[in-house]
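In case you want the letters, here they are:
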Amino acid sequence: MTAENQDVLLEVEEEEEEEDGEVVLEEMAQTIVPSYGTTPDQQKLHTSEWAEFDQKPDSLFFNDGQRRIDFVLVYEDESKNENRKKSVNKKQMRKRQAYESNLISNGLQLEATRSVLNEKLIFVKVHAPWEVLCTYAEVMHIKLPLKPNDLKTRDSAFNWFSRLLRVDENIIKPEQEFFTAPFEKARISDFYIQDKDIFFNPATRSRIVHFILSRVEYAVKDNVKKFGINRLLDSGIYKAAFPLHDSRFNRRLEDPNCPSERYLLYKEWAHPRSFYKLQPLDLVSQEVCDPNIGGNIIMCPQCDHECTYWNLTITCESSKKLCIFDSFGTLVFAVFMGIWVTLFLEFWKRRQAELEYEWDTVEFLEQEEYIRPEYEARCTHVVTNEITQQEEHVPYTACGKCVRMTFGISAVLFWILLIIASVIGIIIYRLSVFFVFSAKLPRHINGTEAIQKYLTPQAATSVTASIISFIIIMILNIIYEKVAIMITDFELPRTQTDYENSLTMKMFLFQFVNYYSSCFYIAFFKGKFVGYPGDPVYWLGKYRNEECDPGGCLLELTTQLTIIMGGKAIWNNVQEVLLPWVKNLIGRCRSAARSEKTIPRWEQDYHLQPVGKLGLFYEYLEMVIQFGFVTLFVASFPLAPLLALVNNLLEIRVDAWKITTQFRRMVPQKAQDIGAWQPIMQGIAILAVVTNAMIIAFTSDMIPRLVYYWSFSVPPYGNHSNYTMKGYINNTLSVFNIADFKNGSKPVSLPWLGNQTTCRYRDFRYPPGHQHQYEHNIYYWHVIAAKLSFIIVMEHVIYCVKFIVSYVIPDVSQKTKSKIKREKYLTQTLLHENHLKVMKKNMGKIADRIWKGEDGTFRPKFD
């Protein structure tokens, strides 16, 4: 293309842009749409007020010091922009001027100030006057204070302890609680207005202004209206739009009337020294807790007859807690833990190899281990050893061994079925107690009881069921421990290693089911097969299957794990430390009369507690069960590894104190490795990848959120122009027609329900009136496909990394290999070869003596 042709094209483009600019100018009057706070005869362009910087760096107000800055718009001065053509700058300036004029027409006040550091940048400060705030608060149905909360609150007995974990109220003062209602200008006198400047808090003011900014027009072209700050940002007309922080993060404002919340959050929330304190969640908002969203959603009853309708905001507190664990960071941490388990096991193999070398068990053979005395005492049958072809004595025949194994397996299965029966009993308890708690709820939606804020039916059911489950687990452990020892003794293993391996498999299999079955139920079964309000699913034909909280079952699973892990740690310490200490204390008190006598060492040790026959077996069992909690359910309780670390740091010192001060000296035993515990931990590591992937997919709300964000928040399924999480809660709650309740599950009609004809429930189904009403909708199938895809991808990625890691890291370090090889070399050189040399030397002397005839016995005879 020649230079002349390029000039012609540029002239044509400039003419077209000038025509577009004229269209904008001609239609600018049409863009000024009279709205709230404006008069119909405003048909001219309005411009921002100009003001110089007043040298107050921390000011949150216009230069007059009265009007608060609710939003800030930033643009680049078109007259100083030399990178674009003048025609483009003029076009953008006209659109911006039209937009700002319409903002002023809508009642907002603007003040423009040029940047101090870059003279090209202009900052437009936006202020919403009282009249505009009141008008749009009514349009947006914003709930505002009617009166302060006057309910009496009772301090908890543990308030002194929880105060240590809370943010200091003298630093961050708790927000005053109010009863609220949707704002109406006609009833403004009924609202709790002590000061107009603080009646609308900064968050509400910014929300109202953003509502206006997102809806004001700036041009009309081909009968298509263009509006909203987002499109102006995308086109580059504005460079930024944002509300202001109320202070610097590292310095408190000198004005005592300014709360300096940013500074307080930095000091009391973000600072590392506050790691043990609770988060100031009053400064974080969610849709569930929003009275304009969750407050308007009436949920369907979760049990038959006695259960009432309830408000979604009841679950506000549990939703806040759920956000701590149900996040993208949990996914990253779960993947990390899946890889960490492999690293842990591989490096343990290396450490085990070092200990094998140091403790001389590298080539520990079965023949080196002694036969158990209990085995030898029963050796009455004679059999032929197929290896040595010699007769030896055994305690039972092949048939007798099969009978013993069959009995042992049957007994183990019986006790596992007993555990499953106890879990079913806990489930029935859950269903029954949830029915009772739900029936005790107030008969009105906006219940104001203080306890209701935290003790919801779901929370009460979860906590009480977890405590009862823990008690049953501990009781069954005590009983089964004795049963497992009896079964193993009946099997009569040959060596101590065989005995411990057999007992290990029984105890672990039992405790695996005992400790983890309730967690597996909550994670993978609860709330998954509940049907919908018009056709619920029943347990045993009587008990309606329990549902999850609208935020999912993840928080309940976390509660279950916390109670079981914490209770187990306390119980173990009581058993291992407190009981031996008390017994020894009683023994010392009894022998106090003889304390003046000199007691020999052996007698002193005699009064210490004896070590059990199984030695460190229970220590291994405790660690492996903890290993399972840390790995299998880390996606639901990311704090489990930290708690386990703290527990183990204390456990090491406690065990050392216990062994050296409270127990007699242990009888040393030789073992090559940790026996059956190694394959058990490897099996847990493999299973952990599956369980965590399934927890994230089916128990947490991460996958539905991602599907909504990327597919259903924007067209063709959504109505938002950008990817967003707005409307997610509403999208995950299906609609049910109250008239469609069956007689068997229809709740009691309540007077406060009024003309309400529908309620909501957690599922993805078509609404009533649809041709496929109450069937799963397209969102459900998208979520299912995403969940299955996620599980497959996560499993394969982690398994591939685990395989590579286990292949790259050798089981024995090069240093240990060198030591072992050096030891074998020296053994061969110093023992075998030197012995051969001595034998050769001796044989040579004998041969010489024979040849010389020194020995007459071997002298040759000649005829």
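Model, not experiment: these values are computed from the prediction.

Participant: Could you give an account of the overall build of the chain, with specific residues and numbers?
Facilitator: In terms of regular secondary structure, the chain is built from 23 helices and 19 strands. Counting over 863 residues, the chain shows a buried share of 41%. Restricting to contacts in the chain with at least 6 residues of sequence separation, those with at least 24 account for 73%. Of the roughly 50500 Å² of accessible surface on the chain, 59% is carried by carbon and sulfur atoms.

Participant: Give a detailed account of the state of the cysteines, specifying residues and quantitative values.
Facilitator: By definition, a disulfide is the covalent link that joins the sulfur atoms of two cysteine residues. The tally for this structure, following the rule as stated, stands at 1 disulfide. Across the disulfide from cysteine 300 sits cysteine 759; the S-S distance is 1.9 Å. Judged by the sign of its S-S torsion, about 90°, the bond between cysteine 300 and cysteine 759 is right-handed. Of the two residues, cysteine 300 is situated in the loop between β10 (298-299) and β11 (310-311) and cysteine 759 in strand β19 (residues 758-762); the sequence distance between them amounts to 459 residues. Both residues of the pair, cysteine 300 and cysteine 759, count as buried.

Participant: Talk me through the pattern of salt bridges; I want residue IDs and the actual numbers.
Facilitator: Counted according to the given criterion, the structure contains 13 salt bridges. In this structure, arginine 67 and glutamate 49 form a salt bridge, with 3.2 Å as the shortest nitrogen-oxygen distance. Note that arginine 67 is positioned in the loop between β1 (49-50) and β2 (71-76) and glutamate 49 in strand β1, a separation of 18 residues in sequence.

Participant: I'd like a rundown of the sheet that holds strand β4 (residues 121-127), residues and numbers included.
Facilitator: The strand order β1-β3-β4-β2-β9 describes an open sheet built from 5 strands, whose pairing is mixed. Only two strands of the sheet have a single neighbouring strand rather than two, namely β1 and β9 (240-242). Strand direction decides the pairing type here: β2 and β4, joined by 6 bridges, are antiparallel. Each residue of the ladder has a partner; that of leucine 73, found in β4, is valine 124.

Participant: An account of a nonpolar patch on the surface is needed here, citing residue identities and associated values.
Facilitator: A surface patch of nonpolar side chains, amounting to about 740 Å² of accessible area, comprises Ile570, Val574, Leu578, Leu579, Trp581, Val582, Leu585, Ile586 and Trp657. Of all the elements, helix α15 (residues 554-590) adds the most residues to the nonpolar patch, at 8 residues.

Participant: Lay out the pairing of strand β12 (residues 381-384) in plain terms, naming residues and giving numbers.
Facilitator: Bridge analysis of β12 against strand β13 (residues 391-394) gives 4 bridges, and the strand direction is antiparallel. Residue pairing for β13: histidine 381 is matched across the bridge by valine 394. Linking β12 to β13, which pair antiparallel, is a turn of 6 residues; within it glutamine 389 sits at a positive phi near 60°.

Participant: Go over the packing of aromatic side chains with me, naming the residues and quoting the values.
Facilitator: Under the defined criterion, the tally for this structure stands at 41 aromatic pairs. Relative to phenylalanine 200, the ring of phenylalanine 199 has its centre 5.1 Å away and its plane inclined at 85°; by these criteria the two rings are edge-to-face. Across the pair, phenylalanine 200 and phenylalanine 199 agree in class, each one buried. By way of ring pairs, the aromatic residues Phe508, Phe512, Tyr515, Tyr516, Phe520, Phe524, Phe629 and Phe633 are connected into one cluster.

Participant: Tell me about the side chain of lysine 787, and name the residues and values.
Facilitator: Of note, lysine 787 is situated in helix α22 (residues 778-808). Although lysine 787 is buried, it forms no salt bridge, and the closest oppositely charged side chain is aspartate 701 at an N-O distance of 6.7 Å. Discounting residues that sit within four places of it in the chain, lysine 787 has contacts with Ala697, Phe698, Ile703 and Pro704.

Participant: How would you summarise the packing of helix α3 (residues 130-139) against helix α6 (residues 202-213) if you had to cite specific residues and measurements?
Facilitator: In contact at an axis separation of 10 Å, α3 and α6 are set at 80° when each is read in the N-to-C sense. When the axes of α3 and α6 are compared, the pair comes out roughly perpendicular. Residues Val132, Leu133, Tyr136 and Ala137 of α3 form the contact with α6, whose participating residues are Arg205, Ile208, Phe211 and Ile212. Grouping the amino acids of the contact of α3 with α6 by side-chain chemistry returns 7 nonpolar, no polar and 1 charged.

Participant: Go over helix α20 (residues 702-712), please, and point to the residues and values.
Facilitator: Listed in full, the buried residues belonging to α20 are Met702, Ile703, Pro704, Val707, Tyr708 and Phe712. Buried residues in α20 make contact with α10 (328-358), α19 (677-699), α21 (728-732) and α22.

Participant: Just give me the short version of the environment of alanine 635, but keep the residues and values in it.
Facilitator: Residue placement: alanine 635 occurs in the loop between α17 (617-632) and α18 (640-661). Placed 58 residues apart in sequence, alanine 635 and alanine 693 show a C-alpha to C-alpha distance of 8.2 Å. Dropping the residues within four chain positions of it, alanine 635 is found in contact with Thr330, Ala334, Leu554, Asn692, Ile695 and Ile696.

Participant: Can you tell me about unusual backbone geometry, naming the residues and giving the values?
Facilitator: Following proline 715, the chain continues to proline 716 via a peptide bond in cis, the omega torsion being 10°. Tracing the chain through its elements places proline 716 in the loop between α20 and α21. Positive phi outside glycine occurs at leucine 492, with the angle close to 60°. Within the secondary structure, leucine 492 is located in the loop between α13 (457-491) and α14 (496-524). Non-glycine residue tyrosine 774 carries a positive phi angle of around 65°. Relative to the assigned elements, tyrosine 774 resides in the loop between β19 and α22.

Participant: Account for the environment of leucine 578, naming residues and giving values.
Facilitator: Structurally, leucine 578 is set in helix α15. Counting along the chain gives 80 residues from leucine 578 to lysine 658, while the straight-line C-alpha distance between them is 9.7 Å.

Participant: Now, about the side chain of threonine 135: what can you tell me, with residues and values included?
Facilitator: Following the sequence through the fold, threonine 135 ends up in helix α3. Looking at threonine 135, the relative accessible area reads 10%, which means it is buried. Polar contacts involving the side chain of threonine 135 include one to the main-chain carbonyl oxygen of glutamate 131, which spans 2.8 Å.

Participant: Go over the packing of α10 against α22, please, and point to the residues and values.
Facilitator: Across the interface, α10 lies against α22 with an axial gap of 10 Å and an inter-helix angle of 30°. Between α10 and α22, the angle falls in the class roughly parallel. Here α10 and α22 pass one another in a crossing that is right-handed. Residues Leu331, Ala334, Val335, Gly338, Ile339, Thr342, Leu343 and Glu346 of α10 lie in contact with α22, whose contacting residues are Phe790, Met794, Ile798, Val801, Lys802, Val805 and Ser806. Residues of the contact of α10 with α22, tallied by class, amount to 10 nonpolar, 3 polar and 2 charged.

Quick notes on the rules
Residues numbered from 1 in each chain as written. Predicted model: local features only at pLDDT ≥ 70, side-chain atom pairs only at ≥ 80, totals over all residues. Heavy atoms only, no water. Helix = DSSP H or I, 4+ residues; strand = E, 2+ residues; numbered from the N terminus. Buried < 20%, exposed > 50% of the residue type's maximum accessible area, 1.4 Å probe, protein only. Contact = heavy atoms within 4.5 Å. Areas by Shrake-Rupley, 256 points an atom, 1.4 Å probe, with all protein chains shown as cover. Disulfide = S-S within 2.5 Å. Salt bridge = Lys/Arg side-chain N within 4 Å of Asp/Glu carboxyl O. Pairing = 2+ DSSP bridges. Patch = residues over 30% accessible without salt bridge, like charges linked within 9 Å, V, L, I, M, F, W, Y side chains within 5 Å. Phe/Tyr/Trp six-rings, centres within 6.5 Å; stacked < 30°, edge-to-face > 60°. Lys, Arg positive; Asp, Glu negative; His and termini not counted. Axes fitted to C-alpha atoms, helices over the stretch in contact; angles between N-to-C directions. Parallel < 35°, antiparallel > 145°, perpendicular 65-115°, else oblique. Nonpolar A, V, L, I, M, F, W, Y, C, P; charged D, E, K, R; others polar. Polar contact = N/O pair within 3.5 Å; in protein donor to acceptor, adjacent residues only side chain to side chain. Left-handed = near helix turned anticlockwise from the far one by under 90°.

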